[in-house]
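Commentary on secondary and tertiary structure
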Amino acid sequence: MAILSIETSTKVCSAALSEGTKVYEQLINRENSNHAVLLPEYVETLLTYARENQITISAIALSGGPGSYTGLRIGTSMAKGLCYGMNIPLIPIDTTLITAAAMKDQVQGNALLCPMTDARRMEVYTALYDDTLKMVKPIEARVVENADWLLETGKEVYYAGDGAEKCQEILRHDRLHLLKDIVPEARYMGPLAEELKLPTNENIAYYEPFYLKEFIAAPSHVKGL
């Protein structure tokens, strides 16, 4: 089955069209957070590609969080609109799982994968997965103050994501390994979506991203507001 995947949980914006492990095309921007402009362009390009190549899209896979509040809202709005318009199911996937899938090929041996999404300051959204991408510790928002929580696993641990590099001074240890330049990307989402066994029972009308923490708007610094 062909799946159109949307990933907007970080400052990186990406969308991909895939079938099984085959990625027909991925469009990605790593430079800025202009998701509201880029994502519609990416989706239109992929829909055109599907039409021209007679590919029937069976579902929309969405990075469901946790991550950037604004990014998740943009991705969710686009995904829900596509599902309604095309009458196909929505498949939300944890952002930590997508990052772990991006890490998997660089991990050696019976190690654990620790994806980290930036949650500002020294806090990250994180979880632990084994080398088969089975979750072994649930998603949480964690302030990284020491390495004990990873060392107590007794295993080699690889950590990566847009929240990882800021933690490397605290996580210095022979059993802890930083993988650089890894972020969740849409191209990893197709196989994950298929493993969730289509069709899902996700209620599109009431679906909300997994924010994990409540959004708190910062006071405006614009004079007069």
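Placed above this text is the structure.
Residues numbered from 1 in each chain as written. Predicted model: local features only at pLDDT ≥ 70, side-chain atom pairs only at ≥ 80, totals over all residues. Heavy atoms only, no water.

A look at the pattern of salt bridges
- Inspection of every chain in the model, using the stated rule, returns 7 salt bridges.
- Salt-bridge contacts for glutamate 185 lead to arginine 30; the nearest nitrogen and oxygen are separated by 2.6 Å. Pair noted here: glutamate 185 is in the loop between strand E10 (176–179) and helix H5 (189–195) and arginine 30 is in the loop between strand E3 (22–29) and helix H1 (35–52), with a separation of 155 residues, a long-range link.
- Judged by relative accessible area, glutamate 185 falls into the buried class, the value being 5%.
- Counted as one network, the salt bridges with shared partners bring together Arg30, Glu185 and Arg187. (Salt bridge = Lys/Arg side-chain N within 4 Å of Asp/Glu carboxyl O. Helix = DSSP H or I, 4+ residues; strand = E, 2+ residues; numbered from the N terminus. Buried < 20%, exposed > 50% of the residue type's maximum accessible area, 1.4 Å probe, protein only.)

Quick notes on helix H2 (residues 69–86)
- The terminal C-alpha atoms of H2, which comprises 18 residues, lie 26 Å apart, in line with the 26 Å expected from a rise of 1.5 Å per residue.
- Of the residues making up H2, those classed as buried are Gly71, Leu72, Gly75, Thr76, Ala79, Lys80, Leu82 and Cys83. The buried side chains of H2 occupy one side of the element, clustering within an arc of 160° when seen end-on. Exposed side chains of H2 directed beyond 90 degrees from the buried face belong to Thr70, Ser77, Tyr84 and Gly85.
- Positive backbone phi, at 55°, marks asparagine 87, one or two positions downstream of H2. (Expected span 1.5 Å × (residues − 1). Arc of directions from axis to C-beta.)

A look at the environment of tyrosine 206
- Here tyrosine 206 shows up in the segment after H5.
- Along the backbone, tyrosine 206 and asparagine 53 are 153 residues apart, and their C-alpha atoms lie at a distance of 33 Å.

What about the pairing of strand E9 (residues 157–160)?
- The alternating pattern of E9 places Val157 and Tyr159 and Tyr158 and Ala160 on opposite faces, both of which are buried.
- Across 4 bridges, the pairing between strand E6 (residues 112–118) and E9 is parallel. Paired with proline 115 across the bridge in E9 is alanine 160.
- Across 4 bridges, E9 lies against E10 in parallel orientation. Its bridge partner being in E10, tyrosine 158 is matched across the sheet by histidine 177. (Pairing = 2+ DSSP bridges.)

Regarding the nonpolar core
- Membership of the largest hydrophobic core comes to 27 residues, with the highest contact counts inside it found for Ile93, Met103, Leu113, Leu133, Leu179 and Leu192.
- When contributions to this core are tallied by element, the ones reaching two or more residues are strand E4 (57–63), strand E5 (90–93), helix H3 (95–103), strand E7 (123–129), E9 and H5.
- The element best represented in this core is H3, accounting for 6 residues.
- When residues no more than four places from it in sequence are discounted, the contact partners of methionine 103 are Leu113, Cys114, Pro115, Tyr158, Tyr159, Ala160, Leu179 and Ile182.
- Of all hydrophobic cores here, the second largest spans 25 residues; its members include Cys13, Leu17, Ile55 and Ile60. (Core = buried A, V, L, I, M, F, W, Y, C linked by side-chain atoms within 4.5 Å. Contact = heavy atoms within 4.5 Å.)

Notes on the packing of H1 against H2
- For the pair H1 and H2, interaxial distance at closest approach is 10 Å and the crossing angle is 30°. Regarding the angle of H1 to H2, the classification is roughly parallel. Of the two possible hands of crossing, H1 and H2 adopt the one that is right-handed. Across the interface between the two elements, His35, Ala36, Leu39, Pro40, Val43 and Leu47 from H1 touch Gly71, Ile74, Gly75, Met78, Leu82 and Met86 from H2.
- Tallied by class, the residues present in the contact of H1 with H2 amount to 9 nonpolar, 3 polar and no charged. (Axes fitted to C-alpha atoms, helices over the stretch in contact; angles between N-to-C directions. Parallel < 35°, antiparallel > 145°, perpendicular 65-115°, else oblique. Left-handed = near helix turned anticlockwise from the far one by under 90°. Nonpolar A, V, L, I, M, F, W, Y, C, P; charged D, E, K, R; others polar.)

Some details on the packing of aromatic side chains
- The tally for this structure, following the rule as stated, stands at 2 aromatic pairs.
- Taking 6.1 Å as the distance between ring centres and 45° as the angle between the ring planes, the aromatic pair formed by tyrosine 24 and tyrosine 49 counts as tilted. With tyrosine 24 in strand E3 and tyrosine 49 in helix H1, the pair connects residues that are 25 residues apart, well separated along the chain. (Phe/Tyr/Trp six-rings, centres within 6.5 Å; stacked < 30°, edge-to-face > 60°.)

Some details on the sheet that holds E6
- What the 5 strands build is an open sheet, ordered E8-E7-E6-E9-E10; its pairing is mixed. In this open sheet, the two edge strands, each paired with only one partner strand, are strand E8 (135–143) and E10. Within the sheet, the average angular offset between the axes of one strand and its neighbour, ignoring direction, is 20°.
- Strands in contact with H3 are E6, E7, E8, E9 and E10; relative to E6, the strand with the most contacts, it is inclined by about 125°.

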